[in-house]
Amino acid sequence: MKVYTSKLLGFLVFVFFYHCQAFPHYKFVVKEVPYTRLCNTKNILTVNGQFPGPTLYAHKGDTIIVDVYNRGKFNITIHWHGVLQTRNPWSDGPEYITQCPIQPGAKFRQKIIFTTEEGTLWWHAHSTWLRATVHGALIVYPKIGTSYPFPKPDAEIPIILGDWWEEDIMELYLNLERDGDAIQINSEAFLINGQPGDLYPCSKRETFKLEVNRGLTYLLRIVNSVMLDSLFFSVANHTVTVVGSDGSYLKPFERSFIFITTGQTVDVLLEANQSPNHYYMAASVYSTAGIGAYNNSTTTAIVEYNGNYTPSSPLVLPYLPSHSDTGAGLNFTASLRSLADKEHPVDVPMEINTHLFYTLSMNAPCKNRSCADGKIRTLATVNNISFINPSIDILQAYYYCIHGVYGTNFPDFPQFVFDFVADDYPMDWEIPQLGTKVKMLDYNSTVELVFQGTNLLKGSDHPIHLHGFHFYVVGLGMWNFDKDKDPLMYNLIDPPLQNTIHIPKDGWVAIRLKAKNPGVWYMHCHFDRHMVWGMDMVFIVKDGESPEAKMLPPPPDMPPC
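For every chain, the first residue of its written sequence is number 1, and the numbers climb from 1 along that sequence. Only residues with pLDDT of at least 70 are given local features in this predicted model, and only at 80 or more are side-chain atom pairs given and counted; all residues enter the totals for whole chains, interfaces and linings. Water and hydrogen atoms play no part in the side-chain values, which are based on all heavy atoms of the structure.

Mind showing me how you'd approach the pairing of strand 32 (residues 536-541) here?
Across a regular strand the side chains alternate sides, sitting on one face of the sheet and then on the other. Whether a residue is buried, partly exposed or exposed follows from its accessible area with a 1.4 Å probe, protein chains only, as a fraction of its type maximum: under 20%, in between, or over 50%, in that order. Counting from the N terminus, the helices are DSSP H or I runs at least four residues long and the strands are E runs at least two residues long. With six of its six residues buried, strand 32 lies for the most part within the structure. Burial along strand 32 is two-sided: Asp 536, Val 538 and Ile 540 and Met 537, Phe 539 and Val 541, pointing in opposite directions, are all buried. In this structure, strand 31 (residues 519-525) lies alongside strand 32, joined through six bridges in antiparallel fashion. Bridging from a neighbouring strand, Gly 519 pairs with Val 541 of strand 32. Here, any two strands with at least 2 DSSP bridges between them count as paired.

Sorry, what's going on with the sheet that holds strand 13 (residues 230-235) here?
Hydrogen bonding along the main chain pairs the strands of a sheet, whether they run parallel or antiparallel. Read across the open sheet, the five strands follow the order 11-19-18-13-16; overall the sheet is mixed. The open sheet has two edge strands with one neighbour each: strand 11 (209-212) and strand 16 (258-260). Averaged over all pairs of adjacent strands, the angle between strand axes in this sheet comes to 25°, irrespective of strand direction. Pairing of strand 11 with strand 19 (residues 298-305) involves four bridges; the strand directions are parallel. Here an angle of 0 to 180 degrees is reported between the N-to-C directions of two axes, which are lines fitted to C-alpha atoms, with helices fitted over the stretch in contact.

Explanation requested: the sheet that holds strand 4 (residues 63-70) in the structure shown.
Taking strand neighbours across the sheet as the criterion, the four strands line up as 2-1-4-6 in an open arrangement whose pairing is mixed. Single-partner strands in this sheet number two, and they are strand 2 (40-47) and strand 6 (107-113). The average undirected angle you get between the axes of adjacent strands in this sheet is 25°. Here six bridges tie strand 1 (residues 25-37) to strand 4, and the two strands are oriented parallel to one another.

Explain a negative patch on the surface to me, please; I cannot follow it from the model alone.
Patch criteria: residues need more than 30% relative accessible area and no salt bridge. Like-charged residues are merged within 9 Å; nonpolar side chains of Val, Leu, Ile, Met, Phe, Trp and Tyr are merged within 5 Å. Only the protein chains shown count as covering a residue, and every accessible area follows the Shrake-Rupley method with a 1.4 Å probe. Salt bridges are defined as contacts in which a side-chain nitrogen from Lys or Arg sits within 4 Å of a carboxyl oxygen from Asp or Glu. Positive charges come from Lys and Arg alone, negative charges from Asp and Glu alone, with His and the N- and C-terminal ends not counted. The location of each charge is read from NZ of Lys, CZ of Arg, CG of Asp or CD of Glu. A grouping of Glu 167, Asp 168, Glu 171 and Glu 188 is seen on the molecular surface, where their side chains present a negatively charged patch. Mapping Asp 168 onto the fold places it in the loop between strand 9 (155-164) and helix 2 (169-179). The exposure class of Asp 168 is partly exposed, given its relative accessible area of 37%.

Where do I start with unusual backbone geometry in this structure?
Among all residues save glycine, negative phi is the norm, and among peptide bonds the norm is trans. With an omega of -5°, the peptide bond running from Phe 51 to Pro 52 counts as cis. For Pro 52, the position within the fold is in the loop between strand 2 and strand 3 (56-59). In this structure, Pro 314 follows Ser 313 across a cis peptide bond, with omega equal to -5°. Counting through the fold element by element, Pro 314 comes out in the loop between strand 19 and helix 3 (326-334). With a phi angle near 50°, Asn 193 is a residue other than glycine that sits in the positive phi range. Counting through the fold element by element, Asn 193 comes out in the loop between strand 10 (189-192) and strand 11. The phi angle at Asp 246 is positive, at roughly 55°, despite the residue not being glycine. Look at Asp 246 and you get buried, because its relative accessible area is 1%.

I tried to follow the nonpolar core on my own but got confused; where do I start?
Note that soluble globular proteins tend to have their nonpolar side chains buried in a common cluster. If you look at the biggest cluster of nonpolar residues, it comprises 85 residues, and the most contacted ones within it are Trp 129 and Tyr 358. Residue contacts are defined here by distance: any two heavy atoms, one from each residue, within 4.5 Å place the two residues in contact. With residues near it in sequence (within four places) discarded, Trp 129 still touches Trp 165, Ile 169, Leu 172, Tyr 173, Leu 176, Ile 185, Met 227, Leu 228, Asp 528, Arg 529 and Val 532. Core analysis: the next-biggest nonpolar cluster, separate from the first, contains 51 residues, Leu 161, Leu 220, Val 285 and Tyr 305 among them. Buried residues of nine kinds, namely Ala, Val, Leu, Ile, Met, Phe, Trp, Tyr and Cys, make up a nonpolar core once their side-chain atoms join them within 4.5 Å.

Even after reading the chapter, I still don't get the pattern of salt bridges, so can you show me in this structure?
Side chains that differ in sign of charge can pair as their charged atoms come close. Applying the stated criterion across every chain, the model contains 14 salt bridges. The residue Asp 494 makes a salt bridge to Lys 251 at a minimum N-O spacing of 3.0 Å. Taken together, the residues Asp 494 in the loop between strand 27 (471-478) and strand 28 (497-498) and Lys 251 in strand 15 (residues 248-255) connect sequence positions 243 residues apart. Classification of Asp 494 as buried rests on a relative accessible area of 11%. For Lys 251, a relative accessible area of 31% gives the class partly exposed. A salt bridge links Lys 505 to Asp 506; its shortest N-O distance comes to 3.3 Å. Of the two residues, Lys 505 and Asp 506, both sit in the buried class.

Just checking my understanding: could you explain empty space enclosed by the protein for this structure?
Vacant regions in the atomic arrangement are exposed by a probe of water-molecule size rolled over the atoms. We place a 1 Å grid over just the protein atoms. Points where a 1.4 Å probe fits but has no way out form a cavity, open points with protein on both sides within 12 Å along at least 5 of 7 lines form a pocket, and any residue with an atom within 4 Å of a point lines it. Grid points are joined across faces, edges and corners, and a volume is the space filled by probe spheres set on the points. Per the stated rule, a full pass over the model turns up five cavities of 30 Å³ or more. Empty space within the second largest cavity amounts to approximately 90 Å³. Contributing to the lining of the second largest cavity are Thr 359, Ser 361, Thr 381, Asn 384, Pro 414, Gln 415, Phe 416, Phe 418, Phe 420, Trp 429, Thr 454 and Leu 456. Residue type decides the class: Asp, Glu, Lys and Arg count as charged, Ala, Val, Leu, Ile, Met, Phe, Trp, Tyr, Cys and Pro as nonpolar, and the leftover types, Gly among them, as polar. Here the lining of the second largest cavity is composed, by residue class, of six nonpolar, six polar and no charged.

Looking at this model, I keep getting lost on the layout of surface pockets. Mind explaining?
Its volume calculated, the largest pocket comes out at about 720 Å³. Thr 116, His 470, Tyr 472, Leu 497 and Lys 516 are the residues nearest the centre of the largest pocket, which is lined by 30 residues in total. Taken together, the elements giving at least two residues each to the lining of the largest pocket come down to strand 15 and strand 30 (507-515). Sort the elements by how many residues they give to the lining of the largest pocket and strand 30 lands first, with three residues. Among the residues making up the lining of the largest pocket, the classes are represented as twelve nonpolar, ten polar and eight charged.

What is the right way to look at the state of the cysteines in this model?
Note on terminology: a disulfide is the covalent bond linking the sulfur atoms of two cysteines. Only a pair of cysteine sulfur atoms within 2.5 Å counts as a disulfide in this structure description. The full count for this structure, using the stated rule, is two disulfides. One disulfide in the model links Cys 39 with Cys 202; its S-S distance is 1.9 Å. On the sign convention where negative is left-handed, the bridge of Cys 39 and Cys 202, at about 95° about the S-S bond, is right-handed. Here Cys 39, found in the loop between strand 1 and strand 2, pairs with Cys 202, found in the loop between strand 10 and strand 11; they are 163 residues apart in sequence, far enough to count as distant. Residue classification places Cys 202 among the exposed residues on the basis of a relative accessible area of 54%. The residue that forms a disulfide with Cys 100 is Cys 561, at a sulfur-sulfur distance of 1.8 Å. What sets the handedness of the Cys 100 and Cys 561 disulfide is the S-S torsion sign, and at about 80° it is right-handed. One end of the pair, Cys 100, is in the loop between strand 5 (78-81) and strand 6; the other, Cys 561, is in the segment after strand 32, with 461 residues separating them in the sequence. Judged by its relative accessible area of 1%, Cys 100 is buried.

Could you clarify how one ought to interpret the packing of aromatic side chains in this entry?
Think of a pair of aromatic rings as described by two things: how far the centres are apart, and how the planes are tilted against each other in angle. Note on aromatic contacts: the rings of Phe and Tyr and the six-membered ring of Trp form a pair at centre separations within 6.5 Å, being stacked when their planes are under 30 degrees apart, edge-to-face when over 60 apart, and tilted otherwise. Applying the stated rule across the entire model yields 26 aromatic pairs. With 6.0 Å between their ring centres and 65° between their planes, Phe 257 and Tyr 319 make a pair best called edge-to-face. With Phe 257 in the loop between strand 15 and strand 16 and Tyr 319 in the loop between strand 19 and helix 3, this pair connects stretches of sequence that are 62 residues apart. Relative to Tyr 400, the ring of Tyr 399 lies with its centre 5.0 Å away and its plane at 85°, an arrangement referred to as edge-to-face. Assessed through its relative accessible area of 33%, Tyr 399 is described here as partly exposed. Residue classification places Tyr 400 among the partly exposed positions, given a relative accessible area of 48%. Pairwise contacts between aromatic rings join Phe 357, Phe 418, Phe 420, Tyr 425, Phe 481 and Trp 508 into one cluster. To sit over a ring, a charge needs its Lys NZ or Arg CZ within 6 Å of the ring centre and within 35 degrees of the ring normal. The ring of Tyr 69 carries the charged tip of Lys 27 above its face, separated from the ring centre by 5.1 Å.

Laid out in structure tokens, this is it:
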């Protein structure tokens, strides 16, 4: 009885502090509103009627509260992409991983705990394909009393790269989930801050315009929220200085274009140092996938210098690499380096006690077990396992010791080791296992994880996002990972700290992290089509011994399953 009374008292104290602490509050009302793009009007799901959604602001180390009201007709969850949510997976957001969805008419209060994050992050829906229109920027300023590690810009502008779908997004999702067909599914347009730009029909008047004054510097906080594509981005006649990515600062370097995979953020400084004129800002696709076509259109915005002049006509597009220029994307990613200074130190794990090797593959089993009709269903896998969402969330099952929801036998290495980038394979290797399996990690364990892209079904690139962690990208390259040679070339001095990393087709990436965030944490491909097909898995980090190393208890209003 004493133990029960103690737990109840502790829970009541948590409830009091959860609801009564004076944290900044935001209100998200999820609802459908009509929007017109590409000459047509349709209802889309939004937050507070805005597309893109509202930008949230915080300082390093802050905590904010977001009350999410679901006034739409679909279940929904909201994820705070890149926020560590230390000890607090309850508000992380992925559907059936850390919570059951917020049902229509219901509300959920989410507590967003910032710790070391600083820079540009974002938020988005994390259920079905609703993030296509439910997303926005999340800006974390330096701690009060400190400043940027670069000269303070004269202005800051979120640049959200998105896409527009003429077809109903939920119908697309349900068709993919049901049939898994590798059909050509592409958006009708890419967007910059919600607008396609003047190269698309019925779009010239609403094209996003950035007004600048010559001699000033502008911080562009770029978010790639596109559903299925990585992008190249550039500003005509200008170079940009890259200073941050994924909520972490970088050693500044100058480029004429950037590469940004979906899920990533990149912060750049744009100096308005050209002759007063109008200049295109543009983004176009990077794609090497062998399955389906790609959207080969270009979205534009206009950088307009203030002043008295007659702008050039027509405007000239900036240089953007070709859609399949893997070298351009890989070289940009390889250029990222952490600041690694006194105020922004790196803490790369040097002694590794958990080695993991995960293959990322496209798979094609028959739709029925006999294969008699010859029909193929596309799936995607990590270590040849295609993830199946459970009927209740894994976090709840873990916390309350509910058995039968998931297995703890996710393999550390693939079952078959072969030439992962070969052109031909035995058909049996394309047939995956199905399951809801997790990888258990001890608190404070040091992890090296190598991602290896395979060429099954002609392969694809994969932007991998890990919830609950930032990780150091210590190595990357093309072809098969060589366990004897490639680690000799690791960058253990100033590797970039990321939460999302692009794994190139027929290539590999090595990351390192320390498992010091107890809870249930989702890892998945951020191409939503691949995630629907099963390219995802879950890490569970066990509690440590001290109170500060244990997961927080659940809030009182967790959505029911």
